[in-house]
Amino acid sequence: MARDRRPILADHRSRQASGFAEHDMSGSMMRIAVAGTGGLARFIAHFVQQDTAHHVVLLSREEKPELSRDHQVIVVDYANIQTLQFALRGIDTVISTVTGQNQIELIRAAISVRVRRFAPAEFEGPPSLRPETSPLDRGRTAAGRWMAYYGQHIETTVFVCGILYERFQPNGLRQTRMGLGSGLSNEGDYIMNCRTMSAQAPAFDANNLPNVTICMTSAQDVAKFVTKALDMPRWPSELRMCGERITVKDLIATVQQMKGQPFNPISWHNPATLRAALEVATARRDPALQIRLHALIATTEGQYDFPEPANMNEAFPDVRPVSFQTWFAAKWNLQRR
């Protein structure tokens, strides 16, 4: 990071002197950039366009004719900061759904052209619960460090939503072009395959009690809350939202009831059994299985659970998140049992 600090910091000294950092544009029309064109980015752009007077643009690495009919799409090259700076000039807020080095370059560009707010791509559990060395990190800790370093010059928040319901839809996250680089985007990559009714259930904690709990939210509800956040006069460090908080054991039971059939096979796990399975996967040099096991281990460690009240749910009671059962019945064309 150090090699790039001086020119950007010089820009910000003049920015701070001008009072830009204290400028509050809440309540006025703003220009919003959503980085990425996957399902979550599209949902956010849709609700910003539908429910606010703000102007929204999507940043894409390639032309997207199917999106250009409804949204302004700007093609950017994340390896070329000049194209990012051009795309971000006049932008008030950036919502990122891209990770890794692409997001770092996006942050640098946003800083350099005086973007007021930036929300990095998290959209899972609280970042403080994820170890810095986690294989699930995908550069998000590094992005958080950049945001912390420039915290006096740009406002930031992390949107915490737990597990997206869409992991359990037909074809998984991939169906709506989410999580494509995570190793967890396919149907059945996380906890259960609801088509074949097979499951690896991380339901037991370190004391072998069936208390492992996750928070979950649909991508559409996440997008609705993100849209609401745009008009907040100040952003806290985290904005938490939750559609449903449920134990893994009850989640398994819910799906079995709704599908009208049991999971078979199903393996019940605690942290010790998952780490033993990870050792085998590592010995076999199976990186795909390793990443799936890391996600299950993270689940048993509570990384996707936040028992405290979700501040977005409290702040915006008019956004009524869909329940998992209602969402699941619609996605799998089921009658609720």
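Residues numbered from 1 in each chain as written. Predicted model: local features only at pLDDT ≥ 70, side-chain atom pairs only at ≥ 80, totals over all residues. Heavy atoms only, no water.

Colleague: Tell me about the overall build of the protein, residues and numbers included.
Modeller: Helix and strand counts for the protein stand at 12 helices and 14 strands. The C-alpha radius of gyration of the protein comes to 21 Å, within 12% of the 20 Å expected for a compact globule of 337 residues. Counting only C-alpha atoms, the protein reaches 60 × 45 × 40 Å along its principal axes. Of all intrachain contacts in the protein linking residues separated by at least 6 positions in sequence, the fraction that spans at least 24 positions is 74%. Of the roughly 15,200 Å² of accessible surface on the protein, a fraction of 49% belongs to carbon and sulfur atoms. In the protein, 38 positive and 33 negative side-chain charges are present, and the distance between their average locations comes to 3 Å. (Helix = DSSP H or I, 4+ residues; strand = E, 2+ residues; numbered from the N terminus. Rg over C-alpha atoms; globule rule 2.2 N^0.38 Å. Contact = heavy atoms within 4.5 Å. Areas by Shrake-Rupley, 256 points an atom, 1.4 Å probe, with all protein chains shown as cover. Lys, Arg positive; Asp, Glu negative; His and termini not counted. Charge placed at Lys NZ, Arg CZ, Asp CG, Glu CD.)

Colleague: Could you give an account of the pattern of salt bridges, with specific residues and numbers?
Modeller: By the definition in use, this model includes 16 salt bridges. Across the pair R130 and D137 runs a salt bridge whose closest N-O atoms are separated by 3.2 Å. Considered together, R130 and D137 belong to a single accessibility category, that of buried residues. With its nearest N and O atoms 3.8 Å apart, the salt bridge here joins D221 to K224. Remark: K224 and D221 occur in helix α7 (residues 219-229); sequence separation between them is three residues, near one turn of the helix. Look at K224 and you get partly exposed, because its relative accessible area is 30%. Within this structure, E122, R130 and D137 form a network of salt bridges that share partners. (Salt bridge = Lys/Arg side-chain N within 4 Å of Asp/Glu carboxyl O. Buried < 20%, exposed > 50% of the residue type's maximum accessible area, 1.4 Å probe, protein only.)

Colleague: Let's hear about the pairing of strand β1 (residues 31-35): which residues, and what values?
Modeller: Every regular strand shows the same layout, with side chains that alternate between the two sheet faces. Summarising burial for β1: four of the five residues are buried, a large majority. Bridge analysis of β1 against strand β2 (residues 55-60) gives five bridges, and the strand direction is parallel. Paired with R31 across the two strands is H55, which belongs to β2. Once the chain exits β1 it traverses helix α2 (residues 39-51) before rejoining the sheet at β2, and the crossover so formed is right-handed. (Pairing = 2+ DSSP bridges. Right-handed = clockwise from strand over helix to strand, strands pointing away.)

Colleague: Can you explain α2? Please cite residues and give values.
Modeller: Between its terminal C-alpha atoms α2 stretches 18 Å, which fits the 18 Å expected from 13 residues at 1.5 Å a residue. Lining the buried residues of α2 we find β1, β2, β4 (93-96) and α7. (Expected span 1.5 Å × (residues − 1).)

Colleague: Before we move on, can you summarise the side chain of N193 with the specific residues and values?
Modeller: Tracing the chain through its elements places N193 in strand β9 (residues 192-193). A polar side-chain atom of N193 sits 2.9 Å from the main-chain amide nitrogen of R195. Among residues more than four places away in sequence, those in contact with N193 are E187, G188, S198 and F263. (Polar contact = N/O pair within 3.5 Å; in protein donor to acceptor, adjacent residues only side chain to side chain.)

Colleague: I'd like a description of the environment of I91, backed by residues and values.
Modeller: Within the fold, I91 resides in the loop between α4 (81-88) and β4. For I91, a relative accessible area of 4% gives the class buried. It is 48 Å that separates the C-alpha atoms of I91 and A283, two residues lying 192 residues apart in sequence. When residues no more than four places from it in sequence are discounted, the contact partners of I91 are R31, I32, A33, V57, V115 and R116.

Colleague: Provide a residue-level description of the packing of α2 against α7, including the pertinent values.
Modeller: Running from N to C, α2 and α7 point in directions that differ by 50°, and their axes come no closer than 8 Å. Classified by the interaxial angle, the pair formed by α2 and α7 is oblique. Between α2 and α7 lies a crossing whose hand is right-handed. Contacts between α2 and α7 involve L40, F43, I44, F47 and V48 from the former and A219, Q220, V222, A223, K224, V226 and T227 from the latter. Along the lines of polarity and charge, the residues of the contact of α2 with α7 split into nine nonpolar, two polar and one charged. (Axes fitted to C-alpha atoms, helices over the stretch in contact; angles between N-to-C directions. Parallel < 35°, antiparallel > 145°, perpendicular 65-115°, else oblique. Left-handed = near helix turned anticlockwise from the far one by under 90°. Nonpolar A, V, L, I, M, F, W, Y, C, P; charged D, E, K, R; others polar.)

Colleague: Break down the side chain of T93 for me, with residues and values.
Modeller: On the secondary structure map, T93 appears in strand β4. If we skip the residues at most four places from it in the chain, T93 touches R31, I32, A33, V115, R117, L230 and W235.

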